[in-house]
Number of protein chains: 2
Amino acid sequence: MGEFELIQAYFKSSACAYLNKNISLGIGDDCALLRPSPQSEIAISTDTLVADVHFPAKGDAFLIGQRALAVTVSDLAAMGANPIGFTLALTLPCVDQAWLKRFSEGLCLKAHECSISLMGGDTTKGPLSITITVFGEVPLGKALRRDGAQPDDLLCVSGYLGEAAGALSMVLDNKPYDFSALLKSYWSPIPQLVIGHALLGKATACLDISDGLVADCGHIAKSSNVALVIEASKLVISPLLSAVYEDEQCLQNILVGGDDYQLAFTIPRDLFSELVKTHPSIQVIGYVTKGSGISVVDKKGVPIVLSQQGYQHF
Amino acid sequence: MGEFELIQAYFKSSACAYLNKNISLGIGDDCALLRPSPQSEIAISTDTLVADVHFPAKGDAFLIGQRALAVTVSDLAAMGANPIGFTLALTLPCVDQAWLKRFSEGLCLKAHECSISLMGGDTTKGPLSITITVFGEVPLGKALRRDGAQPDDLLCVSGYLGEAAGALSMVLDNKPYDFSALLKSYWSPIPQLVIGHALLGKATACLDISDGLVADCGHIAKSSNVALVIEASKLVISPLLSAVYEDEQCLQNILVGGDDYQLAFTIPRDLFSELVKTHPSIQVIGYVTKGSGISVVDKKGVPIVLSQQGYQHF
């Protein structure tokens, strides 16, 4: 099976490679063509997942496909953008048709969930690696950036944290998908597109938590030139996490574990109560203040020292 | 040096990471933001270059950076699109600052040549690999596609072919850049943006030749549902190529060697003479006819049998 047959069989003819009002040309030409709506901006993000760095090479290809797309679409959620399309750059050591079938099925399922279409890509030979670039649309000038947090804003997250980190040892042991409900948080994170969209015009800063709560909140603090205080006592522990771990380990997973792809955002206090009514998974976990950096404090306001700050590649 | 310091030092603060009227947010947030001009479409293409598959891992990082961007921007030229921006997904085995400096300098020089800005990306640890996704703008509905070639159109190329293929053995031997002028064709291909733009509203089909003239013309034939005839006697041999190779080898390099990133296009006969006046590098190399597939014929119209068809990954 050659490169072109492979693309035709597993990607071009896939149910997730469809044209729509924003995609006028898909897979098969030199470029795909995206047709923007009037008064919109195109949000763009790229993520690479390398075998045995970001996922176990021997993992189920269905899950790898699903997760690769989810973590990238999550960046659209973090900007409040509506997904349009994505390109897939897939590097494969060889043509393994069973693997490709599973991978494209997982990719396609997640694409369907996120209403995003496969527009193009590149298939090359080499060590297994997946680079996905996503495109979404956001009303002109309204995108959720990291640099607008204001002192006295509330610091919130879109849902439970730490579940994916809690699953990591099971992932590395290659446990089957149904071994634990925590594995779903790792292998099939749900991009918070609905909440991201609801935050447009309300949140002053927003990002998705991929490297860990503390590390990622540090990016908001730096970009917005403010300090963020995380109140440990306000962090609501996921029942899935507390069923497996002691309190201390739960807190560690919540604070420094990445991979949940929930949103962290800052919002003026007067806009919060309306928001939480329609999106009850949202938790207030702290506040913004003058200064710089991140601190995590206990019930009495005493800083907690963390053993690690979050994931870094090098 | 961590991931964020690396991005800051070699990419975010690079001279090629600038905002312009079409880029409202660049490196450093969850997404970059592209602001389309009214009545335009966004052309998008992704290319991956894997070490020791697409370039020698021990090659000069400056040349690798330059070439990686050039081959991807070439896809914009093939659609007649004006470059806007690109994302860079860079996978590195380790942080080698000297390598990164050279790579970003090469990338930046080519970005400057092509008037394209670095908008975002991802830096990960793993086997050396580069995935670039480019964005360009083209007037709504005017992009040069592969599917419009009509019987009796002329088949043309934008310039000399085969030079990069002629350099390949020197590339694999890791010869220095100044060893032969042919090496420039391989390491620093020039995306044919000017000719691509000039073809808008004129060419009926167009693509860039990356896998070889015959293989790539095959894509036009298939997409347009026509046959293409390449007249070998009309192929003009590059003086750089004929200085090194015998006629027979020159022809082989021209017909099946990839990597030149010249454009192949079809155009109605009555539009050709005006075009070649302003773009004298353009060569007529054949014509379109009813039927399917590609044939290469000699002066007498007798088909020439080729020993290989072009580059395929698997």
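Being a predicted model, the structure only gives us computed values, none of them experimental.

(A) Up close: the side chain of Ser158(A). Residue and element names in this part refer to chain A. Of note, Ser 158 is situated in the loop between strand S7 (154–157) and helix H4 (163–172). According to the relative accessible area criterion, Ser 158 is buried, its value standing at 1%. There is a polar contact of 2.5 Å between the side chain of Ser 158 and the side chain of Gln 262. Of the polar contacts made by the side chain of Ser 158, one reaches the backbone nitrogen of Leu 263; its length is 2.8 Å. Not counting residues within four places of it along the chain, the set of residues in contact with Ser 158 comprises Gln 192, Ile 195, Gln 262, Leu 263, Phe 265, Ser 281 and Ile 282.

(B) Region of interest: the UniProt feature "binding site: Mg(2+) 5" (unreviewed entry) in chain A. The positions UniProt marks with the feature "binding site: Mg(2+) 5" (unreviewed entry) are Asp211(A). As for its placement among the helices and strands, Asp211(A) is situated in the loop between strand S8 (205–208) and helix H7 (213–224).

(C) Quick peek at the relation of the copies chain B and chain A. When chain B is fitted to chain A, the best match, at an RMSD of 0.0 Å, comes from turning it 180° and sliding it 0.0 Å along the axis. This pairing of chains is accounted for by a two-fold axis. When you check the interface residues of chain B against chain A, 100% turn up at the interface there too, and the contact is symmetric in its surfaces.

(D) The pairing of strand S4 (residues 82–92) of chain B, seen in detail. All names here are of chain B. Most of S4 is tucked away: 10 of the 11 residues are buried. The pairing of S4 with strand S6 (residues 129–139) spans nine bridges and is antiparallel. The partner of Leu 88 across the bridge, within S6, is Ile 132. Chirality of the crossover, the property in question, places the unit of S4, helix H3 (residues 97–114) and strand S5 (residues 117–125) among those that are right-handed.

(E) A look at the pattern of salt bridges. The tally for this structure, following the rule as stated, stands at 22 salt bridges over all chains. With its nearest N and O atoms 3.3 Å apart, the salt bridge here joins Arg146(A) to Asp30(B). Residue Arg146(A) is located in the loop between strand S6 (129–139) and S7, and its partner Asp30(B) is located in the loop between strand S1 (23–25) and strand S2 (32–34); the two belong to separate chains. Neither residue differs from the other here; Arg146(A) and Asp30(B) are each classed as buried. The salt bridge partner of Glu231(B) is Lys234(B), with a shortest N-O separation of 3.2 Å. What you see here is one network of salt bridges that share partners, running through Asp29(A), Asp30(A) and Arg146(B).

(F) Layout of the sheet that holds strand S3 (residues 40–50) of chain A. The six strands lie next to each other as S5(A)-S4(A)-S6(A)-S3(A)-S2(B)-S1(B), forming an open sheet whose pairing is mixed. Because the sheet does not close on itself, it has two edges, and the strands there are strand S5 (117–125) of chain A together with S1 of chain B. Going from strand to strand, the sheet's axes swing by 20° on average, the running direction of each strand aside. Here S3(A) runs beside S2(B); their pairing, made up of three bridges, is antiparallel. Within S2(B), the residue paired with Ile42(A) across the bridge is Leu34(B). Along the sheet, helix H2 (residues 61–79) of chain A makes contact with S3, strand S4 (82–92) and S6 of chain A together with S1 and S2 of chain B, crossing S6(A) at roughly 30°.

(G) Up close: the sheet that holds S5(B). Strand order in this open sheet of six strands is S1(A)-S2(A)-S3(B)-S6(B)-S4(B)-S5(B), and the pairing throughout is mixed. Sheet topology places strand S1 (23–25) of chain A together with S5 of chain B at the edges, where each strand pairs with a single neighbour. On average, each strand axis in the sheet is inclined to that of its neighbour by 20°, with strand direction left out of account. Judged from the eight bridges that link them, S4(B) and S5(B) form a sheet pairing that is parallel. Following the sheet pairing, Ala89(B) is matched in S5(B) by Asp122(B). Contacting S4 and S5 of chain B, helix H1 (residues 3–12) of chain B crosses the sheet at an angle of about 145° to S5(B). The strands touched by helix H2 (residues 61–79) of chain B within the sheet are S1 and strand S2 (32–34) of chain A together with strand S3 (40–50), S4 and S6 of chain B, with S6(B) carrying the most contacts at an inclination of about 30°.

About the criteria used
Residues numbered from 1 in each chain as written. Chains lettered and ligands numbered in written order. Predicted model: local features only at pLDDT ≥ 70, side-chain atom pairs only at ≥ 80, totals over all residues. Heavy atoms only, no water. Helix = DSSP H or I, 4+ residues; strand = E, 2+ residues; numbered from the N terminus. Buried < 20%, exposed > 50% of the residue type's maximum accessible area, 1.4 Å probe, protein only. Polar contact = N/O pair within 3.5 Å; in protein donor to acceptor, adjacent residues only side chain to side chain. Contact = heavy atoms within 4.5 Å. UniProt positions renumbered as here; feature names shortened; annotations may be inferred. Least-squares fit on C-alpha atoms with pLDDT ≥ 70 in both. Pairing = 2+ DSSP bridges. Right-handed = clockwise from strand over helix to strand, strands pointing away. Salt bridge = Lys/Arg side-chain N within 4 Å of Asp/Glu carboxyl O. Axes fitted to C-alpha atoms, helices over the stretch in contact; angles between N-to-C directions.

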